[in-house]
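# Examination of the molecular architecture
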Amino acid sequence: MADYSIHVLEYSYVPEYHKSGVLYGAHNEGYVKLPYCYVLIRSADHVALVDVGYNHKDYGQHLAEKFGVENWRSPKVVLAEMGLTPEDVDTIFVTHAHFDHFGNVEDFPNATFYIQREEIEKWVWAMSLPDRLKWMMIAVDPSDVLRGVNLAAQGRLRTVEGSVENVLPGIDLHLAKDSHTFGSMWVTVRNDGKAQSDDTWVLAGDLVYQFTNIKNDGSVVGVDEMYTPVGLALGSQMNLLLATEEMMKQTGYDAHRVIPIHEEGLADTFPCRISDEGLRISEICLADGAESFVK
Amino acid sequence: MTGTQRLHDATCDVWDLPQAGAAGDLHPATGTDPATDRYLATIAPAYGVLGRVMAQLSGIFLLALTRDGGGPGLHLDHGMYTIARDQLAEAQDTVASVTVPETARRHHAALDNLAAQLAAAARGIERMAARMSGDEHARRDVLRHLAEAQRLLIATAEPDAGITPVDFDNACCSCAVRKPTA
Ligand SMILES: [Zn+2]
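Residues numbered from 1 in each chain as written. Chains lettered and ligands numbered in written order. Predicted model: local features only at pLDDT ≥ 70, side-chain atom pairs only at ≥ 80, totals over all residues. Heavy atoms only, no water.

### Side note on the overall build of chain A
- Check the secondary structure of chain A and you find eight helices and 15 strands.
- Expected size for 295 residues packed as a compact globule is a radius of gyration near 19 Å; at 18 Å, chain A falls within 12% of this value.
- Along the longest, intermediate and shortest principal axes, the C-alpha atoms of chain A span 55 × 50 × 40 Å.
- The proportion of buried residues among the 295 residues of chain A is 60%.
- Within chain A, contacts between residues separated by at least 24 positions form 63% of all contacts whose residues are at least 6 apart in sequence.
- About 11200 Å² of surface is accessible on chain A, with carbon and sulfur atoms providing 48% of the total.
- Looking at charge distribution, chain A has the averaged site of its 23 positive side-chain charges lying 3 Å from that of its 44 negative ones. (Helix = DSSP H or I, 4+ residues; strand = E, 2+ residues; numbered from the N terminus. Rg over C-alpha atoms; globule rule 2.2 N^0.38 Å. Buried < 20%, exposed > 50% of the residue type's maximum accessible area, 1.4 Å probe, protein only. Contact = heavy atoms within 4.5 Å. Areas by Shrake-Rupley, 256 points an atom, 1.4 Å probe, with all protein chains shown as cover. Lys, Arg positive; Asp, Glu negative; His and termini not counted. Charge placed at Lys NZ, Arg CZ, Asp CG, Glu CD.)

Pasting the structure below:
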């Protein structure tokens, strides 16, 4: 029995991204394509997203010119491929407050948003620090926090403290404190609805960028494979590794069930298709009775 | 934008501000005028502080609005709030004391207004926390001041002078990208 269909929806990409940004320590190892995606989780009762992408209206052109971000498509266009509109989305889990995950909230007028309270509290603290500590504020757009307060005033923002089970039936939120960011969060879908699930999927946010963060060559320490953190840890690489271990544990150490969203190689593991707009749709799993969207 | 222009194009709608009647262009224009350069260099740190104070006040208000338990009034973290208030006061001092060349008069007026909007938002939050007001109207008032501050923050950005609301150079998913060579 599976309650939810899960699809990773690409909405933009960077053709050439330094590998060292993806994988800690991979200096001078060239470039990889970096897709930008959000995750659609859909049941008979709910349409949920993990993250919302960046605010193209404010920054799209700047990003395109400065970093070579290409082919941005709006949620309206991306979700239309799934037979949905942004208005259909009722729940959004924001894994962390970086502008490319938390920037586009205005496009979802009917959704209730969830974010870790720790993430907001520590950003407020970081914002109060002098310029010489500004590294802690990277990738946060002050305007995103303002958009967040508008959601809060409308009663559409819930701040979460630590782990919360069954935010939607079978969907849990987990805090990875002081890891990629102060209060990064991952989303666990127990797709059979059981407390001890045999059908668990983990949506990793930026705690894992690509499969290589879970299965990297471990010859440097004399093992076949080892976890290796992403290139950016505002907290610590240790906490990234411990979060990876916890995510893997939840899936029974089935690495292909921890889903990274900057991973071009999803195509090698899951059925997928390229939309008319040139963006990939990866079908992670289907709910009972649901039709495939990639055939 | 050309190499010598510091600001958005004069026709860009980002500059359509209510105080359009004021003298001078909002953008202090070129990088060849030492007085303008001095002004921008002095104001840059204060601009950064104002942007961060806007985020602090927004975050503090967000946390207060979403606090569990709810009830009447606003459950304010006074420690965080006091820091934001003090930093706002410092930035206001800088804005008030900078020498303003004619080229930057509208820019400076907009910055001054930005600081005033933040001060008004802070007063509103404080009143709600003191339970002098806690109604929908007071909440909307704070949001209105914060939104106006944000609009002014974007309008007064001068990317070529390092005056920007977001440091994209270090974005998690856009740093370390091979920059287009064209
Ligand atoms: Zn991130």
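### Considerations on the overall build of chain B
- Within chain B, the secondary structure is distributed over four helices and zero strands.
- Listing each helix as α and each strand as β along chain B from the N terminus yields α-α-α-α.
- Evaluated residue by residue, chain B yields a buried proportion of 46% over its 182 residues.
- In chain B, the proportion of contacts linking residues at least 24 apart, taken out of those at least 6 apart, comes to 77%.
- Carbon and sulfur atoms provide 51% of the accessible area of chain B, an area that totals close to 8200 Å².

### Things to note about helix H3 (residues 105-129) of chain B
- Taking 1.5 Å of rise per residue, 25 residues should cover 36 Å, and H3 of chain B covers 36 Å from first to last C-alpha, within 8% of that figure.
- Phi turns positive, to about 60 degrees, at Arg131 of chain B, one or two residues after H3 of chain B. (Expected span 1.5 Å × (residues − 1).)

### Quick notes on the environment of Lys177 of chain A
Residues and elements named next belong to chain A.
- The residue Lys177 is located in strand S8 (residues 171-177) in this model.
- Judged by relative accessible area, which is 42%, Lys177 ranks as partly exposed.
- Sequence-distant contacts of Lys177, defined by excluding residues within four places in its chain, comprise Glu118, Lys122, Phe182 and Asn239.
- Within polar-contact distance, the side chain of Lys177 engages the side chain of Glu118 at 2.9 Å. (Polar contact = N/O pair within 3.5 Å; in protein donor to acceptor, adjacent residues only side chain to side chain.)

### Thoughts on the sheet that holds strand S5 (residues 112-116) of chain A
All names here are of chain A.
- Read across the open sheet, the eight strands follow the order S6-S5-S4-S3-S2-S1-S15-S14; overall the sheet is mixed. At either end of the open sheet lies a strand with only one pairing partner, and these are strand S6 (157-160) and strand S14 (272-274). Strand-to-strand twist across the sheet, computed as the mean angle between neighbouring axes with direction ignored, equals 25 degrees. (Pairing = 2+ DSSP bridges. Axes fitted to C-alpha atoms, helices over the stretch in contact; angles between N-to-C directions.)

### Considerations on the pattern of salt bridges
Residue and element names in this part refer to chain B.
- Evaluated as defined, the whole model comprises 21 salt bridges over all chains.
- Between Arg140 and Glu136 there is a salt bridge; the shortest N-O distance is 3.6 Å. One end of the pair is Arg140 and the other is Glu136, both in helix H4 (residues 136-155) and four residues apart, which spans about a single turn. (Salt bridge = Lys/Arg side-chain N within 4 Å of Asp/Glu carboxyl O.)

### Here's the deal with the confidence of the model for chain B
Residues and elements named next belong to chain B.
- Mean pLDDT over chain B works out to 78, with 70% of the residues at or above the 70 mark.
- Low pLDDT, under 50, characterises residues 1-24; the stretch is placed with 56 contacts to residues that sit more than four places away or in other chains.
- Taken together, the stretch residues 171-182 has pLDDT below 50 and engages in 48 contacts with residues farther than four places along the chain or on a different chain.
- Here the predicted complex carries an ipTM of 0.85, next to a pTM of 0.87. (pLDDT = per-residue confidence, 0-100.)

### Overview of the sheet that holds S8 of chain A
Residue and element names in this part refer to chain A.
- With mixed pairing, five strands are arranged side by side in an open sheet as S7-S8-S9-S10-S13. Each having just a single partner strand, strand S7 (164-168) and strand S13 (258-259) make up the two edges of the open sheet.
- Across four bridges, the pairing between strand S9 (residues 183-190) and strand S10 (residues 200-203) is antiparallel. Looking at the pairing, Val189 lines up with Trp201 of S10.
- Packed onto the sheet, helix H7 (residues 237-250) meets S8, S9, S10 and S13 and runs at close to 10 degrees relative to S9.

### Examining the side chain of His101 of chain A
Residues and elements named next belong to chain A.
- Relative to the helices and strands, His101 resides in helix H4 (residues 99-102).
- With a relative accessible area of 2%, His101 lands in the buried category.
- One polar contact links His101 to Asp51, side chain to side chain, over a distance of 2.9 Å.

### Some remarks on the nonpolar core
- Core analysis: the largest hydrophobic core is formed by 117 residues, its most contacted members being Phe113 of chain A together with Leu118 of chain B.
- No other element matches the 15 residues that helix H1 (residues 34-65) of chain B contributes to this core.
- Tyr4, Ala48, Val50 and Met185 of chain A belong to the second largest nonpolar core, which has 27 residues in total. (Core = buried A, V, L, I, M, F, W, Y, C linked by side-chain atoms within 4.5 Å.)

### Topic: a negative patch on the surface
- A cluster of acidic side chains, namely Glu87, Asp88, Glu106 and Asp107 of chain A, defines a negative patch on the protein surface.
- Mapped onto the secondary structure, Glu106 of chain A falls in the loop between H4 and S5. (Patch = residues over 30% accessible without salt bridge, like charges linked within 9 Å, V, L, I, M, F, W, Y side chains within 5 Å.)

### Some words on the packing of helix H6 (residues 142-153) of chain A against H4 of chain B
- In the contact formed by H6 of chain A and H4 of chain B, the axes pass within 11 Å of each other and the chain directions differ by 160 degrees. One way to sum up the angle between H6 of chain A and H4 of chain B is to call them roughly antiparallel. Here the hand of the crossing between H6 of chain A and H4 of chain B comes out left-handed. Contact residues: H6 of chain A offers Ser143, Leu146, Arg147, Val149, Asn150 and Ala153 of chain A, while H4 of chain B offers Arg139, Leu143, Leu146, Ala147, Gln150 and Ile154 of chain B.
- Among the residues forming the contact of H6 of chain A with H4 of chain B, the class breakdown is seven nonpolar, three polar and two charged. (Parallel < 35°, antiparallel > 145°, perpendicular 65-115°, else oblique. Left-handed = near helix turned anticlockwise from the far one by under 90°. Nonpolar A, V, L, I, M, F, W, Y, C, P; charged D, E, K, R; others polar.)

### Focus: H4 of chain B
- When the terminal C-alpha atoms of H4 of chain B are compared, their 28 Å separation across 20 residues agrees well with the 28 Å that a helix rising 1.5 Å per residue should span.
- Within H4 of chain B, the full set of buried residues consists of Ala138, Val142, Leu143, His145, Leu146, Ala149, Gln150, Leu152, Leu153 and Ala155 of chain B.
- Contact partners of the buried residues in H4 of chain B: H6 of chain A together with H1 and H3 of chain B.

### Structural notes on a nonpolar patch on the surface
- A grouping of Val220, Val221 and Val223 of chain A is seen on the molecular surface, where their side chains present a nonpolar patch of about 290 Å² in accessible area.
- Along the chain, Val221 of chain A falls in the loop between strand S11 (216-217) and strand S12 (225-226).

### What about the state of the cysteines?
- The tally for this structure, following the rule as stated, stands at zero disulfides over all chains.
- Looking at Cys285 of chain A, it has no disulfide partner, and the nearest cysteine sulfur is the one in Cys272 of chain A, 15 Å off. (Disulfide = S-S within 2.5 Å.)

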